Amino acid sequence: MRVGAARAIRRASLYVLAAVLAQGCASKEGIRCAITDINKEFQQQYERILAEKGNRRFTVSPVDAFAGTRAALFRLGMRLETQDPDLGLLSVAAPAPTPLTQEEWKLVAQADLPMMQQLAARCVGLPAYLLKFEPEGLEIVITATILPAQGGSEISLTARMRQVTPPPSGMPRREYAPPTGVHKALDKLWEQIERELGVKGRPI
Amino acid sequence: MSDPSYPDALPAQHRLHWYALERVLGQGGFGITYLARDSNLDQAVAIKEYLPVEVATRRPDASVRSRTEDQGERYRWGLDRFIREARTLARFDHPNIVRVLSVFEHNNTAYMVMRFEEGENLAALLERRRTLPEDELMRVVLPILDGLELVHNAGFIHRDIKPDNIHIRDDGSPVLLDFGSARHSLGHARTVTILVAPGYAPFEQYYSSGENQGPWTDIYSLGATCYRAIAGIAPMDAIARSKGILGSTREILIPAATIGSGRYSAGLLKAIDHALEFSEKDRPQSIAEWRRELSSGSKPVARAAPSTISVTPATAPRPFPASPAAAPAASIRGPLIWATLGAVVAAVVVVLMLQPWKRGDETDATKEKYKSSQEEARLKKDAEDAAKGQRDEAARLAKAEQEKKLVDEQARLETEAKKKAEEAKARHAAEAKKKAEAEKARLDAQARKKADADRAEAQRKHEEELRRAQEAKKAEDAKLASAAAAAAAVPKPPAPSAPAAGPDLIKQAEEASKRGNDAESLALYRKAASAGNAEAQYRLGEIYAAGRGVPQNNSQAYIWLSLAANAGHAGAKSRREQVVGTLQPAEIRQADQVVSKLRPSAQR
C-alpha cells in the first residue's frame, strides 16, 4: 500500500526541519504535531476504507483460499515473511510502493499530497508545502487471514508501512498509507486473488 | 448550419417535427432548402422553407416574420401560394420530377418536404466536362420533357429551368428540381415573380407581367440548357440579345447550328435554335412540338433559319417586344442590319418618290438615282461586312472551342496523372500500414508469448515453492512424529489427556532449544499449543514477539498470547498488553477474529 507516506513524512520532517532552520520559526513540536495530524487523518481514512473493502468471502475451501491468497501476493511481488496455515495467517512484505507500480504510485502522490500538505501546514505553516511522497526506505507489510466461513472462506487484509531503519529524530513512527494508495492496493490485491481463486469475492 | 453563407438558415440539428435538419443545400429568393433526416422513416429528405428574403426575415425564436407590417400581406399571400403549390406539386408522381412528399406550417412559415435525390447536379457535370455528346444530352433532356409536359398540362410552368435545377441521379436518370418559383400560369398576373437565371431566362421573364409566359418560357430555358451543353457556355443573356436585336450593340447570339456544326446532328441544333428564338411566338409552343423537333430533327414550320441572311430589305422585322397577338412569321434572329438596311432602302425610295425635285429636274433625278444606287451599294456593303463579321466571330468561337478542347484534354491528362500518382501513393501507404500492422501483430504475439512464458515460470516457481513447503512440512511432521515417538517411549502417567501431554512437549521443546535446535523446539511448542497448553501458547507468543528463530510477527504473537490469556495464563495477559501497543486497530481486529474462530481447533 502506500508506503511512501511514511517515507514522505520522514522526508517531510527533514524538509520541515530545514525550513525551521532556514526560517527559525518552526519548532520540533510543530513537526511532531504535523506528523501526528497526518497519521490521525490517514488512519481514519484507512479504517474507513478497510471497513468497506478489507474483507471478502469466497466460495472456496480455506485450504484453497490460503493457497490462492499466497499465490496472488507472490505474483504482485510480495515476499513471504511468515505463514501459518493452521492459524490461517499469512504475512508478506516488499519494498514500497509494491504492490503498486511506480506509475500507480505517482497517481497516488498526485491525489493525496495536497491533503497531506494542508494537514501539515496547520502545524508548520508554509514549509509543509515542501513535503513529498517518496517510497524509498519503506516496506509494505501485508497481513492476510484466511478463516473458514459458512459456505467457504473469509479473507481479511491489512497493510502497514514499515521503516527499514528507524528515524533518528525520535519522531512518531506509526504511519499509515495515503488513502488513495490503500484504495488502489486493495483493489489490485482483490483482483489478483479473485483471478487466482477463479471466483468473485463478496464484500463483507 | 451555422454557416455564415446562410445567416438566415436554421441551425444544424434543429428539429421540425420529426425532421432533423442537417445542412443547407441552397438558398434562393424564395427560401432555403435543407438536407434533413426523417427520423420516422430514417431517410434523407430535402426541405424547402418559405423565406422570401425581400419581405421576411428570421427571428431569434426561429420564426419567420415579414420585415415590416406593410409587407405582411405580401408575405402571407406568398406563403399561401407556396403551400398551395406544394399541394399541387405533390400530386405529380413522375420519375423525372422531384417528388413532393409533404408540406406543413411551422415557425410562422411553411416547409415543403421533398425526396432527396442523390447524384450530381447537371451544372456541376457541365462544369467538369464542359460539353456533353448528343446521345448523353438526349438522355437528360427527353425524360425531363416528359416530366415537364405533365407539369404544363396541369397548368404550371417551372420558370427556372437551368443546369443547376437538373439533377443527374447515380443511375444517370435526370430529375427536375426546385419548383420553388413555379407559379400557376392561368389567370394570376400577380403570381409572376421575376426570378431569372441570366442566359437561361427568356426575355419575357424580364419584363412580362406573366400573361405571355407559358410552356415556351420553359422551352427557352431548356433550349438554353442544351445550348450550354453543346457550346460549353450559356447563351447570351436575353437582355443583351435584346440590345443586339435592337441594333444598339453587335451582341447577337451565335446560333447553335454554327457552334455545334459537325459535332451534333443538324436536327438537334435546329431544335435548340428554335427553342432559343427571342420572341416567344417564334418558339415551339408546346413540349410535344419541341420533342418532335428534337426527335426527328425536322425544321419547324414558318421558322426562318437563324443563320441565314434571307430577310429581304422590304420585310420589316417584327417590332420588339412583341405582343402575344402579333406573331410575325419571319425570324428576327438574322443580322438585323439586313432589316435595318431594308427599312432604310425603303425609306429612301419613299423619300425619293415624294421629293418635289424628282418630278422637275431629270438631271437631279438621275443624280439622286445615282446617289440612291450608291447608298444602296453602301448599305449592301455594310450588310456584307456585318455578315462577314458574324462569320469571323463564328470562326473565332470555333477556334476558341478547339483551343479549349486542347486545354481540356491537357487538364484531363494532368488530372489522370495526378490521380494515378495519388493512387500509387495511397497504395504505398496501404502497404506500409499493412506491414506496420503485421509487425505490430508479430511483436504483440512475441509479447504475449513472453508473458505466457513469464506466467508459466512464475507458476513453476510457485509450485516449486509449494512443493518445498510441503516437503519441509513433511520433514517437520516426521520430526514431530519422531519426537512424539520419543516422548511416547518415556513412561507416562496413565491419564493421557491432551493437555496433560503439554508439559512433556514443553520440556522436550526446552531441551531442543538448549541444543540449539530452534526448529524442533518450535515444532514441539506448536504441537503443545495446538493441543491447548496455555504455557506453550504463551511461549510461542514470546517467540514470535521477539522474532527468536522466526521472523518477528506481532500479529502472530498477539494470537498466541491471546489464546494463552484466554486460558488464564497471567503472564500472557500482561505480555499481550505490551504487544497490542505495536499493532494497528485493524490488525488487532483481524487477529481477534482469528482467535475467536480458531479457539476450538487450537484447543485440539
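All values derive from a computational prediction rather than experimental measurement.

(A) Inspection of the overall build of chain B at higher detail. Across its full length, chain B holds 18 helices and 13 strands. By residue count, 34% of the 604 residues in chain B fall in the buried class. Considering only intrachain contacts with a sequence separation of at least 6, the fraction spanning at least 24 residues in chain B is 59%.

(B) Examining the overall build of chain A more closely. Along chain A, the regular secondary structure elements total 5 helices and 6 strands. Going from the N terminus to the C terminus, chain A shows its helices and strands as α-α-β-α-β-β-α-β-β-α-β. Taken over 204 residues, chain A has a buried fraction of 50%. A sequence separation of at least 24 residues applies to 75% of the contacts in chain A between residues at least 6 apart.

(C) Region of interest: the interface of chain A and chain B. At the junction of the two partners, chain A supplies 21 residues and chain B supplies 18 residues. At the level of elements, α2 (28-53), α3 (62-75), β2 (79-84), β3 (89-95), β4 (138-149) and β5 (152-163) of chain A are the ones that each hand at least two residues to the side of chain A that touches chain B. Per-element tally for the side of chain A that touches chain B: the top contributor is β4(A), with 4 residues.

(D) Highlighting the sheet that holds strand β12 (residues 174-176) of chain B. Residue and element names in this part refer to chain B. The sheet built from 3 strands is open, its strands ordered β9-β11-β12 with antiparallel pairing. Strand pairing shows two members of the sheet lacking a second neighbour, β9 (120-121) and β12, which therefore form its edges. Pairing analysis gives 3 bridges linking strand β11 (residues 166-168) to β12, with the strands arranged antiparallel. Residue His-167 lies in a different strand from β12, and its bridge partner there is Val-175. This element, helix α3 (residues 134-153), spans β11 and β12 of the sheet and lies at about 40° to β12.

(E) Representation of the packing of α3(B) against helix α5 (residues 215-231) of chain B in the model. Residues and elements named next belong to chain B. Two elements in contact, α3 and α5, have axes whose closest approach is 12 Å; the angle formed by their N-to-C orientations is 170°. Classified by the angle their axes make, α3 and α5 are roughly antiparallel. Contacts between α3 and α5 involve Leu-137, Val-141, Ile-144, Leu-148 and His-152 on the former and, on the latter, Pro-215, Asp-218, Leu-222, Cys-226 and Ala-229. The residue inventory of the contact of α3 with α5, partitioned by class, reads 8 nonpolar, 1 polar and 1 charged.

(F) Main features of the sheet that holds strand β1 (residues 15-16) of chain B. Pairing is antiparallel in the open sheet, where 6 strands are placed in the order β1-β2-β3-β4-β8-β7 (chain B). In the strand order of this sheet, the two ends are held by β1 and β7 (100-106) of chain B, each with one partner.

(G) The nonpolar core, seen in detail. Among the nonpolar cores identified, the biggest contains 84 residues, and Ala34(A), Ala120(A), Ile142(A), Trp560(B) and Leu561(B) are the most heavily contacted of them. Within the second largest apolar cluster, 76 residues are counted, among which are Ile168(B), Tyr227(B), Leu269(B) and Ala271(B).

(H) Here's a closer look at the packing of helix α16 (residues 554-566) of chain B against helix α17 (residues 570-580) of chain B. Residues and elements named next belong to chain B. For the pair α16 and α17, the least separation of the axes is 9 Å and the interaxial angle reads 155°. Taken together, the axes of α16 and α17 lie roughly antiparallel to each other. When you trace α16 past α17, the crossing you get is left-handed. Residues Asn-554, Ala-557, Tyr-558, Leu-561, Ser-562, Ala-564 and Ala-565 of α16 lie in contact with α17, whose contacting residues are Ala-572, Lys-573, Arg-575, Arg-576, Val-579 and Val-580.

(I) Broad picture of the confidence of the model for chain B. All names here are of chain B. Across chain B, the average pLDDT comes to 75, with 69% of residues at 70 or higher. Per-element averaging of pLDDT across chain B places helix α11 (residues 356-360) at the bottom with 38 and α5 at the top with 94. Taken as a whole, residues 483-500 scores under 50 in pLDDT and shows 12 contacts with residues more than four places along the chain or in a different chain.

(J) Molecular detail of the pairing of β7(B). All names here are of chain B. Note that β7 and strand β8 (residues 109-115) share 6 bridges and pair antiparallel. Across the sheet, the residue bridging to Glu-105 is Ala-110, located in β8. Linkage of β7 to β8, two consecutive antiparallel strands, is achieved through a turn of 2 residues, within which Asn-107 is found at a positive phi near 55°.

(K) Up close: α17(B). Residue and element names in this part refer to chain B. Among the residues of α17, those classed as buried are Ala-572, Arg-575, Arg-576 and Val-579. Looking straight down α17, one finds its buried side chains confined to an arc of 110°; they lie on one side. In α17, the exposed positions that point more than 90 degrees away from the buried face belong to Ala-570, Ser-574, Glu-577 and Gln-578. Taken together, the buried residues of α17 touch α15 (534-546) and α16.

(L) View of the pairing of β8(B). All names here are of chain B. By the criterion of burial, β8 is predominantly enclosed, with 6 of the 7 residues buried. Sheet analysis places strand β4 (residues 43-50) next to β8, joined by 5 bridges and oriented antiparallel. From the neighbouring strand, Val-45 faces β8, where its bridge partner is Arg-115.

(M) Up close: the environment of Leu138(A). Structurally, Leu138(A) is set in strand β4. Each C-alpha atom, one on Leu138(A) and one on Arg162(A), is 5.6 Å from the other, the two residues being 24 residues apart in sequence.

(N) Focus on the environment of Val141(A). All names here are of chain A. For Val-141, the position within the fold is in strand β4. Judged by the 21 C-beta atoms lying within 10 Å of it, Val-141 is buried. In this structure the C-alpha to C-alpha distance between Val-141 and Arg-160, which are 19 residues apart in sequence, comes to 5.3 Å. For Val-141, the residues in contact, after removing those within four places along its chain, are Ser-91, Ala-93, Ala-159, Arg-160 and Arg-162.

(O) Region of interest: the confidence of the model for chain A. Residues and elements named next belong to chain A. For chain A, per-residue confidence averages 82 on the pLDDT scale, and 81% of positions sit at 70 or higher. By mean pLDDT, the top-scoring element of chain A is strand β1 (residues 55-58) (96), and the lowest-scoring one is helix α1 (residues 4-23) (52). Here residues 16-25 scores under 50 on pLDDT; set against residues more than four positions off or in separate chains, the count is 12 contacts.

(P) Here's a closer look at unusual backbone geometry. Omega for the peptide link from Ala96(A) to Pro97(A) comes to 10°, which places this bond in the cis form. Among the secondary structure elements, Pro97(A) is positioned in the loop between β3 and α4 (102-124). Residue Pro99(A) follows Thr98(A) across a cis peptide bond; omega there is 15°. Position of Pro99(A) among the secondary structure elements: in the loop between β3 and α4. Of note in this structure, Asn108(B) is not a glycine but carries a positive phi near 60°. Among the secondary structure elements, Asn108(B) is positioned in the loop between β7 and β8. For Asn108(B), a count of 17 C-beta atoms within 10 Å corresponds to the partly exposed category.

(Q) Up close: the environment of Trp18(B). Looking at the secondary structure, you find Trp18(B) in the loop between β1 and β2 (19-27). Dropping the residues within four chain positions of it, Trp18(B) is found in contact with Asp38(B), Ser39(B) and Asn40(B).

Quick notes on the rules
- Residues numbered from 1 in each chain as written.
- Chains lettered and ligands numbered in written order.
- Predicted model: local features only at pLDDT ≥ 70, side-chain atom pairs only at ≥ 80, totals over all residues.
- Helix = DSSP H or I, 4+ residues; strand = E, 2+ residues; numbered from the N terminus.
- Buried ≥ 20, exposed ≤ 12 C-beta atoms within 10 Å, placed from the backbone.
- Contact = placed C-beta atoms within 7 Å.
- Pairing = 2+ DSSP bridges.
- Axes fitted to C-alpha atoms, helices over the stretch in contact; angles between N-to-C directions.
- Parallel < 35°, antiparallel > 145°, perpendicular 65-115°, else oblique.
- Nonpolar A, V, L, I, M, F, W, Y, C, P; charged D, E, K, R; others polar.
- Core = buried A, V, L, I, M, F, W, Y, C linked by C-beta atoms within 7 Å.
- Left-handed = near helix turned anticlockwise from the far one by under 90°.
- pLDDT = per-residue confidence, 0-100.
- Arc of directions from axis to C-beta.

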